[in-house]
Amino acid sequence: MSAEQIEGRGASGDGFCPSPDEGELWDRLREARAHAEGDPGEGLPLVASLCHELAWDLLEEGLLSDAEALVREELAAVRFLVANDPEAFLPRVADACENLAGILWEGGDPAEAEPLYREALSLRRSLAGREPVGDLLSEAAHTCVGLARLLEEREPGEAEELYREALSLRRSLAGQDPAEGPLSEVASSCVDLALFLEDLGRLEEAEPLLREALGTYRSLRGGHALSWAAMVARTGFVLARVLDCAGRPEEAEPLLREALSLRRALAGQDPTEDLLSEVASSCVNLALFLEDLGRLKEAEPLLREALECYRTLAASDPDEDGLPALIPEAGPPMSVLATILAEEGRAKEAEELFREGLSMYAILAQTHPEREDFRLGEEAFRESLAQLSAGV
């Protein structure tokens, strides 16, 4: 669970001061703890808020276990306070339960995370049932999704029910307030459920959900230039994958091309590493799709564009010796392009790519002996190079 997933809810208790120095926060927490020992009702609200704020900072720094301890302290504080003021502190108990569950799950303890998710969901359902509006519906849906993701493999039936409940809650919220935020949450729930159904092979059920999400993201994009383009691209790609698996490549292709076009536009406006990587990924997706259809001439320039993106990313992040970084994502398109070139009789170009890939994976496998995929990548490029040399 990243710091971005820790909700800001629960961080606004009595005495909360926004964004002070971290050292000052620790000093204030020590003072608040001392105050709470003598007067829990007065001191614990500030203890809870400061624990929440400091946990956020620690998660940003990757200090998961330290953050966990603070969220546990926050949860204990709000559990104590809820008896005297349930209206104020029941939502904060739910927040702390969900945040602690996320931290435990990321730390590899889903068994302890599950009852906390369930407690948070029970509280949120109760709160939303009393007042089915606004943030209460949104928060209940958010917790449904968190628990559904935890249960996907072990309890797929319950996970599906939770995904559907989240979608229903978000539809209710959008019905009350058809603004950008609620509509985008409906689209997000459609994608969540569709991805789950796709994994189960239920493509016919996934397709209409993805079409709904794509339509929503396109309508949102219409009013905000490229701000929703990334979601249009992502959802379009997933829909294309579903359609291709369903044997409808003619419907999948324009979606793949749209996704690539949008990502190119985004990267053109803001050529960050993430966006360049997404352009490369879209190029590879479309190239592999075209290769499967036997359209190798169209696939080649896309694979070259993908490799150029990866090389740009590698050059932008040199190692201690000033050499370009090694980007393992470049391996698959490199292999496919080299194979296409070899099949076309362009052995010299193919050999250069096979050697480049072999060198990259050999270094990665030596540097990261625990990574089986790097070792297999090295073996695959070595074998391909040997076959090329043998004229196979």
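Values in this document were obtained by computation on a predicted structure and should not be read as measured data.

Caption draft 1: Fine view of the packing of aromatic side chains. The full count for this structure, using the stated rule, is 6 aromatic pairs. On the basis of an interplanar angle of 25° and a centroid distance of 5.8 Å, the ring pair of Y217 and W228 is categorised as stacked. With Y217 in helix α9 (residues 203-222) and W228 in the loop between α9 and α10 (229-245), this pair connects stretches of sequence that are 11 residues apart. Taken individually, Y217 and W228 each receive the classification buried, so the pair is uniform in this respect. Here the aromatic cluster, defined as three or more aromatic residues joined through ring pairs, consists of F354, Y361, F374 and F381.

Caption draft 2: Helix α2 (residues 40-60), seen in detail. Compared with an ideal rise of 1.5 Å per residue, which puts 21 residues at 30 Å, α2 spans 29 Å between its outermost C-alpha atoms and is within 8% of the ideal. For α2, the tally of buried residues reaches 16 of 21 residues, placing the bulk of the element in the interior. At the C-terminal side of α2, G62 shows a positive phi close to 80°.

Caption draft 3: Local environment of the side chain of D57. Within the fold, D57 resides in helix α2. We note that D57 is buried and unpaired, the nearest opposite charge coming from R28 at a distance of 11 Å. Those residues in contact with D57 that sit more than four places away from it in its chain are E22 and L25.

Caption draft 4: Representation of the environment of E31. With respect to the element layout, E31 can be found in helix α1 (residues 22-38). Along the sequence, E31 and E42 sit 11 residues apart, while their C-alpha atoms lie 12 Å from each other.

Caption draft 5: Spotlight on helix α12 (residues 273-292). End to end, α12 covers 29 Å across 20 residues, agreeing with the expected 28 Å (1.5 Å per residue, within 8%). Burial in α12 covers these residues: L275, L276, V279, A280, S282, C283, V284, L286, A287, F289 and L290. On the buried face of α12, the contacting elements are α10, α11 (249-269), α13 (296-315) and α14 (331-343). Following α12 by one or two positions, G294 adopts a phi angle in the positive range, close to 80°.

Caption draft 6: Representation of the layout of surface pockets in the model. Taken as a whole, the second largest pocket encloses approximately 220 Å³ of empty space. Lining the second largest pocket are 14 residues, with A314, A325, L326, E356 and M360 sitting closest to its centre. Broken down by secondary-structure element, the contributors of at least two residues to the lining of the second largest pocket are α13 and α15 (347-367). Across the lining of the second largest pocket, the residue classes break down as 11 nonpolar, 1 polar and 2 charged.

Caption draft 7: Up close: the environment of S277. Relative to the elements of secondary structure, S277 occurs in helix α12. On the accessibility criterion, S277 (29% relative accessible area) is partly exposed. The spacing of S277 and E329 is 52 residues in sequence and 9.0 Å in space, taken between C-alpha atoms. Contacts of S277, omitting those with residues within four sequence positions, involve Y310 and L313.

Caption draft 8: Representation of the packing of helix α4 (residues 86-106) against helix α5 (residues 110-130) within the structure. Orientation of α4 relative to α5, taken along the N-to-C sense of each, is 155°, at an axis distance of 8 Å. The orientation of α4 relative to α5 falls into the category roughly antiparallel. Crossing of α4 over α5 shows left-handed handedness. Across the interface between the two elements, L90, P91, V93, A94, D95, C97, E98, L100, A101, G102, L104 and W105 from α4 touch P110, E112, A113, L116, Y117, E119, A120, L123, R124, L127 and R130 from α5. Within the contact of α4 with α5, the residues separate by chemical class into 16 nonpolar, 1 polar and 6 charged.

Caption draft 9: Looking closely at the confidence of the model for the chain. When pLDDT is averaged along the chain, the result is 91, and 92% of the positions lie at 70 or above. Here α1 is the element of the chain with the lowest mean pLDDT, 93, and helix α3 (residues 64-82) is the one with the highest, 97. Across residues 1-19, confidence stays below pLDDT 50; counting only partners more than four residues off in sequence or on other chains, it has 52 contacts.

Caption draft 10: Summary view of the pattern of salt bridges. Enumeration according to the criterion identifies 44 salt bridges in this entry. For the salt bridge of R211 with E207, the shortest nitrogen-to-oxygen distance reads 2.9 Å. Of this pair, R211 and E207 both sit in helix α9, 4 residues apart, which is roughly one turn of the helix. Overlapping salt bridges, with partners in common, bring together K297, E300, R304, E344, R346 and E349 in one network.

Calculation rules
- Residues numbered from 1 in each chain as written.
- Predicted model: local features only at pLDDT ≥ 70, side-chain atom pairs only at ≥ 80, totals over all residues.
- Heavy atoms only, no water.
- Phe/Tyr/Trp six-rings, centres within 6.5 Å; stacked < 30°, edge-to-face > 60°.
- Helix = DSSP H or I, 4+ residues; strand = E, 2+ residues; numbered from the N terminus.
- Buried < 20%, exposed > 50% of the residue type's maximum accessible area, 1.4 Å probe, protein only.
- Expected span 1.5 Å × (residues − 1).
- Lys, Arg positive; Asp, Glu negative; His and termini not counted.
- Salt bridge = Lys/Arg side-chain N within 4 Å of Asp/Glu carboxyl O.
- Contact = heavy atoms within 4.5 Å.
- 1 Å grid on protein atoms, 1.4 Å probe; cavity = no way out; pocket = protein on both sides within 12 Å on 5 of 7 lines; lining within 4 Å.
- Points joined across faces, edges and corners; volume = space filled by probe spheres on them.
- Nonpolar A, V, L, I, M, F, W, Y, C, P; charged D, E, K, R; others polar.
- Axes fitted to C-alpha atoms, helices over the stretch in contact; angles between N-to-C directions.
- Parallel < 35°, antiparallel > 145°, perpendicular 65-115°, else oblique.
- Left-handed = near helix turned anticlockwise from the far one by under 90°.
- pLDDT = per-residue confidence, 0-100.

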